[in-house]
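Here are the chains, one letter per residue:
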Amino acid sequence: MNYEPSTMNQRDQLNYLNILAMLVSAGLAVVIPFELVLLSYAILGPAHYLTEISWLDERKFFTLKKYDYAVVIAVAIITYLIGLPFAYVVFYAFGLSFILLVTGSLVYRVLAFCLLIVASYFLLSNNLLQTIFGLYVPTLIHVYFFTGAFMLFGALKQKIISGYAAFIVFLLCPVLLCVLFTSWHSSTAAWAIHSYGYFGRLNATTLRSHTLDIFNNPLSILLTRLIAFAYTYHYINWFSKTRIINWHQMSLTRGVIIGVIWIASVGLYFYNYTLGIKWLFLLSLIHVILEFPLNHRTFIGISRELGLRRKVHGS
């Protein structure tokens, strides 16, 4: 794909601004890791979820057929209502999104989904895979791995140095967070200690201990820095792309509705943390599931771009 010089300059500026945003996010993650996770999730999170859902809706959720997204949501709801573990909800939504993307045939779709159901009872009997889909896909995999995939795909399409530089910095930041200032940690604010319980499962499960002091354990602090960086930059990355993907182009009515829901979401979070965190989790999960078709398209796009490069270098 060829870009006009003005567009290339704009993308260069965006990539360098994103590098700066990564470094700032990483710096804040070192200083206030637990507080940063909670503030980013509460303030930037709902604004991202709502605007991305709106943007996905304008683009038919990147699915083959108009109501494919509704089928995915319906299957997720039914899976939850019949009492299957949460990992099955995410697994079915992820797998079904791929099936609906690669074939439009009703027969093939039904057969493939039946195979997906059978596979789930074998694959998700493994505790590791159940943890990956039940805990990591809606959280760290979404905010870090999928964000990295978007960045790589963009760099491959743009074919400009700044795009690859931004992707490399994105990969390096977690490494730096684990090797720099490892012996330094400021005390965690009381409100953060009180409110971190929802994210504490990430720390406890990853470190395989439900009894450790997550606010003072060195490994837990390093892990929280990674979580804080991943979430904060994930949100900033979305807002930085406003002029590139034009997610802000919406009707006044839709914009007002999004603004009202965002204000209410932030207000609920700070007024009643228990209700607020449940609402934000639901909103986050909806946007994660609705983004699955785009995630699949991104990985397919990366594969195609790399394949084209292999052909060019091989010829």
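The structure reproduced in this document is the subject of the present report. No experiment lies behind these values; they were computed from the predicted model shown. (Residues numbered from 1 in each chain as written. Predicted model: local features only at pLDDT ≥ 70, side-chain atom pairs only at ≥ 80, totals over all residues. Heavy atoms only, no water.)

What follows is about the overall build of the protein. For the protein, the count of helices and strands is 13 helices and zero strands. Expected size for 315 residues packed as a compact globule is a radius of gyration near 20 Å; at 20 Å, the protein falls within 12% of this value. Once the C-alpha set of the protein is aligned to its principal axes, its extents read approximately 55 × 55 × 45 Å. Each of the 315 residues in the protein was classed as buried or not, and the buried ones make up 48%. The contacts in the protein between residues at least 6 apart in sequence include a share of 80% that link residues at least 24 apart. (Helix = DSSP H or I, 4+ residues; strand = E, 2+ residues; numbered from the N terminus. Rg over C-alpha atoms; globule rule 2.2 N^0.38 Å. Buried < 20%, exposed > 50% of the residue type's maximum accessible area, 1.4 Å probe, protein only. Contact = heavy atoms within 4.5 Å.)

Evaluated as defined, the whole model comprises three salt bridges. Between Asp-57 and Arg-254 there is a salt bridge, with the nearest N and O atoms lying 2.9 Å from each other. Of this pair, Asp-57 sits in helix H2 (residues 33-58) while Arg-254 sits in helix H12 (residues 252-271), and the two are 197 residues apart along the sequence. Residue classification places Asp-57 among the partly exposed positions, given a relative accessible area of 29%. Asp-68 serves as the salt-bridge partner of Arg-109, at 2.9 Å between the closest nitrogen and oxygen. Remark: Asp-68 occurs in helix H3 (residues 68-81) and Arg-109 occurs in helix H5 (residues 106-123); sequence separation between them is 41 residues. Relative accessible area serves as the criterion here: at 4%, Asp-68 is assigned to the buried category. Counted as one network, the salt bridges with shared partners bring together Asp-57, Glu-58 and Arg-254. (Salt bridge = Lys/Arg side-chain N within 4 Å of Asp/Glu carboxyl O.)

Here we take up the environment of Tyr-69. Inspection of the secondary structure puts Tyr-69 in helix H3. Note on Tyr-69: relative accessible area 27%, which makes it partly exposed. Spatially, the C-alpha atoms of Tyr-69 and Gly-154 are 24 Å apart, while their sequence positions differ by 85 residues. Dropping the residues within four chain positions of it, Tyr-69 is found in contact with Phe-61, Thr-63 and Leu-290.

Below, the discussion takes up the packing of aromatic side chains. Following the criterion strictly, the structure yields 35 aromatic pairs and no others. Seen from their ring centres, Tyr-269 and Phe-270 are 5.3 Å apart, and the 80° between their planes marks the pair as edge-to-face. By relative accessible area, Tyr-269 is classed as buried at 5%. Positioned over the ring face of Phe-153 is Lys-157, at 4.7 Å from the centre of the ring. (Phe/Tyr/Trp six-rings, centres within 6.5 Å; stacked < 30°, edge-to-face > 60°. Lys NZ or Arg CZ within 6 Å of the ring centre and 35° of its normal.)

The next point concerns a nonpolar patch on the surface. On the surface, a nonpolar cluster with roughly 820 Å² of combined accessible area is contributed by Val-31, Ile-168, Leu-172, Val-175, Leu-176, Val-179, Leu-180, Phe-181 and Trp-184. Per element, the largest residue contribution to the nonpolar patch is five residues, and it comes from helix H7 (residues 161-179). Relative to the elements of secondary structure, Trp-184 occurs in the loop between H7 and helix H8 (190-195). (Patch = residues over 30% accessible without salt bridge, like charges linked within 9 Å, V, L, I, M, F, W, Y side chains within 5 Å. Areas by Shrake-Rupley, 256 points an atom, 1.4 Å probe, with all protein chains shown as cover.)

Moving on, we get to the packing of helix H6 (residues 127-158) against H7. Interaxial distance between H6 and H7 falls to 8 Å at its minimum, and their mutual angle equals 160°. Between H6 and H7, the interaxial angle falls into the category roughly antiparallel. In terms of crossing hand, the pair formed by H6 and H7 is left-handed. Together, Tyr-144, Thr-147, Gly-148, Met-151, Leu-152, Ala-155, Leu-156 and Gln-158 of H6 and Gly-163, Tyr-164, Ala-166, Phe-167, Phe-170, Leu-171 and Pro-174 of H7 make up the contact between the two elements. (Axes fitted to C-alpha atoms, helices over the stretch in contact; angles between N-to-C directions. Parallel < 35°, antiparallel > 145°, perpendicular 65-115°, else oblique. Left-handed = near helix turned anticlockwise from the far one by under 90°.)

So, about the nonpolar core. Ranked by size, the top nonpolar core spans 56 residues in total, and within it Met-22, Tyr-41, Tyr-196, Phe-199, Ile-227 and Phe-229 carry the most contacts. Per element, the largest residue contribution to this core is 11 residues, and it comes from H2. Among residues more than four places away in sequence, those in contact with Ile-227 are Val-37, Leu-140, Tyr-196, Leu-202 and Asn-203. Counting residues in each nonpolar core, the second largest holds 23 residues, with Leu-96, Leu-100, Leu-285 and Ile-289 among its members. (Core = buried A, V, L, I, M, F, W, Y, C linked by side-chain atoms within 4.5 Å.)

Although it is not a glycine, Lys-159 adopts a positive phi angle of roughly 60°. The phi angle at Phe-181 is positive, at roughly 55°, despite the residue not being glycine. Of note, Phe-181 is situated in the loop between H7 and H8.

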